[in-house]
Amino acid sequence: MPFSFIDIETGQSRKIILLFLTMTAFYFTSALLVYYAITFDNFLGLIFSQSRQNSPNSGGYSILPSFKTFLMLLAVAFTAAFIHWIFSTTNMIKRILSVIGAKPLDPEDRYHLLLKNVVDEVSVATGGMRIEPYVIPSGYFNAFALSDLKRRAVIGVTEGLLTKINRRQLECVIAHEAAHLIHGDCLQATVSCSMASVYAGLSRMILSGWEGESSSLYRQRSGFPLRSLPLISVIFIMRFLTLLLNTWISREREFRADATAVRLTRDPLGLAESLYLISNEWHGNFLPVDELSPIFIINPGRNKLEENYGFFADLFATHPPIKKRLDILLEMGHADYSALKSCIKKIPGNHVEIPISSPERKRVWYALNEKIWHGPFSLADLANIQWLSPFTWVTTEDEMQVKSAFEYKEINSMLKKGLPQDLRITSCPSCEHMLERVYYEGIPIWRCRTCGGRLVNQERLLRIIVREDAVFPNQIKEDAEKLRLFSLKQKGKYLKDPESSLKCPSCGNLMKRTIYRAIMPYRMEIDICRCCDMFWLDKNELELIQYLIQGKDT
Amino acid sequence: MDKFSILAALAILITLPFVIYNSLIKLRVRVKNAWSQIDVQLKRRHDLIPNLVETVKGYAAHERKTLESVVKARAVAVNASDLKHKAQAENILTGTLRSLFAVTENYPELKADQNFLNLQEELTTTENKIAFARQYYNDEVMRYNTAIQTVPKNVIARMFTFRKAEFLEIEDPREKKAPVFEF
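Note on numbering: residues in each chain are counted from 1, in written sequence order. Chain letters start at A and ligand numbers start at 1, both assigned in the order the entries are written. Given that the model is predicted, a residue must reach a pLDDT of at least 70 before its local features are reported, and side-chain atom pairs must reach 80 or more before they are shown or counted; all residues, however, enter totals for whole chains, interfaces and linings. Only hydrogens and water are set aside when side-chain values are computed; all heavy atoms of the structure are taken into account.

Undergrad: Would you explain the sheet that holds strand β15 (residues 534-537) of chain A in this entry?
TA: Across a sheet, strands are paired by hydrogen bonds formed along the backbone, either parallel or antiparallel in direction. In spatial order, the strands read β5-β10-β11-β12-β15-β14-β13 (chain A); together these 7 strands make up an open sheet with antiparallel pairing. A single partner strand is all that each edge strand has here, and the edge strands are β5 (354-355) and β13 (512-515) of chain A. A pair of strands is considered paired only if DSSP assigns at least 2 bridges between the two. Secondary structure follows DSSP: runs of H or I at least 4 residues long count as helices, runs of E at least 2 residues long count as strands, and numbering of each begins at the N terminus.

Structural data, given as structure tokens:
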């Protein structure tokens, strides 16, 4: 077992060559088998044909291919392996990330900050491996790890997992994924997955072709397509073997990764708790390709086999039964299931909307115009000055020197692209009082102190609604009931107030009035700005959406 | 043929000490590297503490005793030079920090301060990193110490005076985990 990341670095190149050789060998065997299949087909054809005696080929059939054919097959296998290799390794991580919809972290989100810190901590425990954290913006529970040949390593978790488990449990999950990275499992998994997927695709193609053909043949009263039988069987055997190999290796890996995670965190109970939590929740059925499932901590497709013992279950599941994994971990931690169930509850955080003070607001500049210094100006004030050019002399309070305006990074970007969004947004669209920036569920949003309205952008709203720190006032229940009655009465596309009178605080355009679709049977009418993807929610509406999404009304 | 095998055996005998020596050097460098990782994290913590003290002062000025003890412990830890004193000073610093965070529980306004929350999160993660770096260091020390004491490496180790590296002891087993703060 590799001791730390440094050992992997040295072993990596050897492993890559080995992988490539395995692949070449694999292609060679399959090329050989295909060759046999073709010749066997000829052989069959010869037997069935009437002119067997006269054929010059009948005597020349031998079991072993000649040396020339052998070399040719080897060349073919090598080329195929090479093409396959190039195809499966270029941009591998980027492709897989986009397939599963993972996103980079939002630096302002406090939950994401926590994830980043935890990943950094685990990276210290591995001896300094560099890991990039990613997030899948969805409510289910899962985590994955990816790595490629350029030693880029990625660990991702879902938004739901981030919301529901505490720091200690998150650390164990990340350690489990880091263990996969340490052992280089992800690299092997990706290559073996791509190997398997080629044969899966081929057999699917042939099957569908065969079905189409047989239906057309049915009219001609023809029988089974005997000629392609060897080819089909070869492909099926190959596919079966890769599947078997793949799943078996993958299951052994899960046990090993659990063990390494415990070595990294010295906390078997934490891992047991998180596994228990993840297995009891919905872990997603989103994968477009089955072959990707080995990279996740728990198989995303709800596969009943995973939870069973027995010969067949053991053969075909990519992950070992959770119960088996839990048993091992609990024995390590000297605990049992009852202890596990009692300690997994997450203590709800104290929910306060914390005001954010942005440092840029406080910084002041002085500018020189016609030999007179003007100021102090904030960045927002500077944006409104007519005579300001990139070459105006500008200075700050604490600096002793005078620079051109473009030399300050903030002023330069303001002159180019306009004010940053958090400075541009100042007044509430409905009551025109000041808007303040606050953290709501760890995410920065704008709030109006006077009318209680909130401004959120769409991407962040999707994250907020699955988080569960907020405490709902009693009135929310009544509001939900009111909304339900209203939704029953209202029909079709008609809105109560079809026209919005609010202007988007960010771009100044008129906002649009629509129904928020995520809670669809409930017809909540909200204002959105299509051009900056901003949502304006009146007082308590955000809480109401959360309340309904999280199913607290039942 | 016989000559050849004798020559081969000789060649192996000559090269073996070099191989062992190199492997020992590698292990020792790794121990040093692991130690420097701890140092980086400790320094990070020392840099964070003045900020934390300033922020807490703004809300809880009359907890002067706790604040002073943190400042004092930090000063001792920064100035500690050898490994043993350093470990001791850092342990004391961890203890004072913990009592500081316990005190801050009584100040809801402080707990809603963005600056304080950021510092708290930073300190928690730094403490965890220190713990993990220490764990990694101890693992490396164990590897190195085992290597220089087992046959055949111990012969070479004694010849070139490879000294045993010191473990970083943790006094309180519960200390491995820094206090967990939820925001």
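Undergrad: Which parts of the structure should I look at to understand the pattern of salt bridges?
TA: Once the charged atoms of two side chains with opposite charge are near each other, the side chains can pair. A pairing counts as a salt bridge when a side-chain nitrogen of Lys or Arg comes within 4 Å of a carboxyl oxygen of Asp or Glu. Per the counting criterion, the structure on display carries 31 salt bridges over all chains. When the shortest N-O distance is used, the salt bridge between B:R30 and B:E140 registers 3.0 Å. Taken together, the positions of B:R30 in helix α1 (residues 2-59) and B:E140 in helix α5 (residues 114-149) put the pair 110 residues apart, joining distant regions of the chain. When accessible area is computed with a 1.4 Å probe and restricted to protein chains, residues below 20% of their type maximum are described as buried, those above 50% as exposed, and intermediate ones as partly exposed. With relative accessibility at 0%, the residue B:E140 sits in the buried group. Note that B:E122 is salt-bridged to B:R44, the shortest N-O span being 2.5 Å. Highlighted residues: B:E122 in helix α5 and B:R44 in helix α1, separated in sequence by 78 residues. Since its relative accessible area comes to 23%, B:E122 is described here as partly exposed. A relative accessible area of 36% means that B:R44 is categorised as partly exposed. Look at the salt bridges and you will find they share partners, linking A:D106, A:E108, A:D109, A:E159, A:R437, A:E459, A:R460, A:R463 and A:R467 into a network.

Undergrad: Got a minute to help me understand the packing of aromatic side chains in this structure?
TA: How two aromatic rings sit relative to each other is given by the distance of their centres and the angle of their planes. Only centres within 6.5 Å qualify two rings of Phe, Tyr or Trp (six-membered ring in Trp) as a pair; their planes then separate them into stacked at under 30 degrees, edge-to-face at over 60, and tilted for everything else. For the coordinates displayed, the defined rule picks out 9 aromatic pairs over all chains. Arranged with centres 5.2 Å apart and planes meeting at 75°, the rings of A:F28 and A:F70 form a pair that is edge-to-face. Of this pair, A:F28 sits in helix α1 (residues 5-48) while A:F70 sits in helix α2 (residues 67-89), and the two are 42 residues apart along the sequence. For A:F28, a relative accessible area of 15% corresponds to the buried category. The class for A:F70 is partly exposed, based on a relative accessible area of 33%. With a centroid separation of 6.2 Å and 55° between ring planes, the pair formed by B:F101 and B:F116 is classed as tilted. Of the two residues, B:F101 sits in helix α3 (residues 83-104) while B:F116 sits in helix α5, which places them 15 residues apart along the sequence. The pair formed by B:F101 and B:F116 is uniform in burial state, with each residue classed as buried. Among the aromatic residues, those joined into a cluster by ring pairs are A:F28, A:F67 and A:F70. Distance and angle both matter: a charge sits over a ring if NZ of Lys or CZ of Arg is within 6 Å of the ring centre and within 35 degrees of the ring normal. Here the guanidinium or amino end of A:K403 rests over the ring plane of A:Y408, the centre of that ring lying 4.9 Å away. Taking NZ or CZ as reference, A:R437 lies 5.1 Å from the ring centre of A:W446, over its face.

Undergrad: Help me understand the sheet that holds strand β2 (residues 132-136) of chain A, please; the structure alone is not making it clear to me.
TA: All names here are of chain A. Taken in spatial order, the 4 strands line up as β1-β2-β4-β3 in an open sheet, and their pairing is mixed. In this open sheet, the two strands that pair with only one neighbour each are β1 (103-104) and β3 (143-147). Contacts: residue pairs with any heavy atoms within 4.5 Å of one another. Note on method: axes are straight lines fitted to C-alpha atoms, helices fitted across the in-contact stretch only, with angles between N-to-C directions ranging 0 to 180 degrees. Lying over the sheet, helix α3 (residues 92-100) contacts β2, β3 and β4 (153-158), oriented at roughly 160° with respect to β3.

Undergrad: Honestly, the pairing of strand β14 (residues 525-529) of chain A in this entry has me stumped. Any pointers?
TA: Here is the key point about a regular strand: its side chains alternate between the two faces of the sheet. Residue and element names in this part refer to chain A. Most of β14 sits out of view: 5 of its 5 residues are buried. Two elements, β13 and β14, share 4 bridges in a ladder whose sense is antiparallel. Bridging across to β14, R513 finds its partner in D527. Note that β14 and β15 share 3 bridges and pair antiparallel. Considered in β15, the bridge of D527 is made with W536. With antiparallel pairing between neighbouring strands as the criterion, β14 and β15 make up a hairpin whose turn holds 4 residues, including D533 at a positive phi of roughly 55°.

Undergrad: So what exactly am I meant to see when it comes to the nonpolar core here?
TA: Here, nonpolar core refers to any group of buried Ala, Val, Leu, Ile, Met, Phe, Trp, Tyr and Cys residues whose side-chain atoms link them within 4.5 Å. By size, the foremost hydrophobic cluster in this structure holds 67 residues, and its most contacted members are A:L115, A:L161, A:L170, A:I174, A:L181 and B:L24. If you tally residues by element for this core, the top one is α5(B), at 9 residues. Excluding anything up to four places from it in sequence, B:L24 contacts B:Y144, B:A147, B:I148, B:K153, B:I156, B:A157 and B:F162. Counting residues in hydrophobic clusters, the runner-up holds 27 residues, among them A:I465, A:M524, A:L544 and A:L548.

Undergrad: So what exactly am I meant to see when it comes to the confidence of the model for chain B here?
TA: When pLDDT is low, close inspection of the predicted coordinates is not appropriate. Residue and element names in this part refer to chain B. What pLDDT expresses is the predictor's confidence in each residue, scored from 0 to 100. Across chain B, pLDDT averages 85, with 92% of residues at or above 70. When pLDDT is averaged over each helix and strand of chain B, the minimum, 82, is found for helix α4 (residues 108-111) and the maximum, 91, for α5. What the predictor reports for the complex is a pTM of 0.77 with an ipTM of 0.84.

Undergrad: Honestly, the state of the cysteines in this entry has me stumped. Any pointers?
TA: Between two cysteines, a covalent bond joining their sulfur atoms is known as a disulfide. All names here are of chain A. Here, the term disulfide refers to a pair of cysteine sulfur atoms separated by no more than 2.5 Å. Overall, the coordinates contain 0 disulfides over all chains when judged by the stated rule. Here C448 stays free of any disulfide, with the sulfur of C431 as its closest cysteine sulfur at 3.4 Å. The buried category is assigned to C448, whose relative accessible area is 1%. C532 forms no disulfide, and the closest cysteine sulfur to it belongs to C507, at a distance of 3.4 Å.

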